[in-house]
Amino acid sequence: MARSRRGVTLVELLVAMAIAGLVATFVVEWILHAAKMSAASQRRDDRDQDLSLVRKALFEDGSRGRVVEVAHGSWTVTRVRDGAGPDTVVWAVADGFLQRGSSSLLHSDTVVDSKITPHFTGEDPGRDTWIQCDRDLDGKVDDDYLGRLTSLEWTLFVRHATFPRKESVEDTLRLVVPLQGPG
């Protein structure tokens with residue numbers, strides 16, 4: 001006596017649903033992982049672009065401007081813009097951000113600490129540059145050394161988030177700013 005099979009048994013249906021559930025789980029996990037990787041890649045790209053813009057602005061201000069003051073945590077430059085009067089810009093760290101004038105830069109990073117090291121013609125590489133160029137100990141490069149400045153080395157100690165870890169990672173950024181000097 002032959003039995004006709006028109007449908008599926010309950011066991012077959014349960015097995016098919018379990019297999020479909022496993023496949024769906026793997027697909028959803030893969031999509032979520034791809035989305036996380038894309039977001040992390042975008043954050044890295046944004047940070048790289050921020051750093052590139054900072055380096056460009058530092059280079060332009062340093063090489064085209066006239067340095068009027070350098071302190072341990074900031075420096076001031078005056079630039080003459082085409083068709084306009086002089087523009088004075090202060091670079092500093094404030095509220096955890098690198099500041100150029102009133103604009104915050106490096107939005108992906110929190111600046112924990114910073115240090116500026118001036119370099120000038122005739123410096124003694126065996127001695128601390130601040131001892132050489134800040135003789136009155138006011139925390140600023142003395143006026144007679146401003147004309148001899150060749151570059152500033154700005155070290156930023158920053159904290160930023162990374163993928164796949166959710167906690168912050170500390171990093172050190174070393175930015176070298178070539179200078180035109182005063183005048």
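What you see is a predicted model; the values in this text were computed from it and never measured.

Whenever I open this one, unusual backbone geometry confuses me. Can you help?
A positive phi angle, near 55°, is found at D95, a position not held by glycine. As for its placement among the helices and strands, D95 is situated in the loop between β3 (86–94) and β4 (97–100). Even without being glycine, L137 reaches a positive phi, approximately 55°. Tracing the sequence through the fold places L137 in the loop between α2 (129–133) and α3 (143–146). Accessibility expressed as a relative area gives 71% for L137, which makes it exposed.

Would you mind showing me how to read the nonpolar core here?
Soluble globular proteins tend to pack their nonpolar side chains together in the buried interior. Core analysis: the biggest nonpolar cluster contains 30 residues, and L58, V70, W75, W91, W154 and L156 have the highest contact counts within it. When residues of this core are assigned to their parent elements, the largest contribution, five residues, is made by strand β7 (residues 149–161).

Even after reading the chapter, I still don't get the pairing of β7, so can you show me in this structure?
The side chains of a regular strand alternate, first on one face of the sheet and then on the other. Pairing between strand β6 (residues 110–120) and β7: 10 bridges, direction antiparallel. Residue pairing across strands places F120 opposite L149, the latter belonging to β7. Pairing between β7 and strand β8 (residues 168–178): 11 bridges, direction antiparallel. Pairing of V158 across the sheet is with D171, part of β8.

For this particular structure, what's the right way to read the packing of aromatic side chains?
By convention here, two paired aromatic rings are described through the distance between centres and the angle between planes. All chains considered together, the criterion is met by three aromatic pairs. Relative to W154, the ring of W91 has its centre 6.4 Å away and its plane inclined at 75°; by these criteria the two rings are edge-to-face. Note that W91 is positioned in strand β3 and W154 in strand β7, a separation of 63 residues in sequence. A residue is classified by how much of its surface remains accessible, and W91, at 0% relative accessible area, is buried. For W154, a relative accessible area of 1% gives the class buried. Aromatic side chains F120 and Y145 sit 5.1 Å apart centroid to centroid with 75° between the ring planes, which places their arrangement in the edge-to-face category. Residue F120 is located in strand β6, and its partner Y145 is located in helix α3; the two are separated by 25 residues in the primary sequence. Pair check on accessibility: F120 and Y145 agree, each one buried. The rings of W75, W91 and W154 are connected pair by pair, giving a single aromatic cluster.

Would you mind showing me how to read the pairing of strand β2 (residues 74–80) here?
Counted residue by residue, β2 has six buried out of seven residues, so it is predominantly covered. As defined by bridge partners, strand β1 (residues 66–70) adjoins β2 across four bridges and the pair is classed as antiparallel. Paired with V67 across the strands is V77, a residue of β2. Sheet topology note: the β2/β3 ladder contains seven bridges and is antiparallel. Within β3, the residue paired with V77 across the bridge is V89. Between β2 and β3, which pair antiparallel and follow one another directly, the connecting turn spans five residues, one of which, G83, has a positive phi of 70°.

Rules and cut-offs
Residues numbered from 1 in each chain as written. Predicted model: local features only at pLDDT ≥ 70, side-chain atom pairs only at ≥ 80, totals over all residues. Heavy atoms only, no water. Helix = DSSP H or I, 4+ residues; strand = E, 2+ residues; numbered from the N terminus. Buried < 20%, exposed > 50% of the residue type's maximum accessible area, 1.4 Å probe, protein only. Core = buried A, V, L, I, M, F, W, Y, C linked by side-chain atoms within 4.5 Å. Pairing = 2+ DSSP bridges. Phe/Tyr/Trp six-rings, centres within 6.5 Å; stacked < 30°, edge-to-face > 60°.

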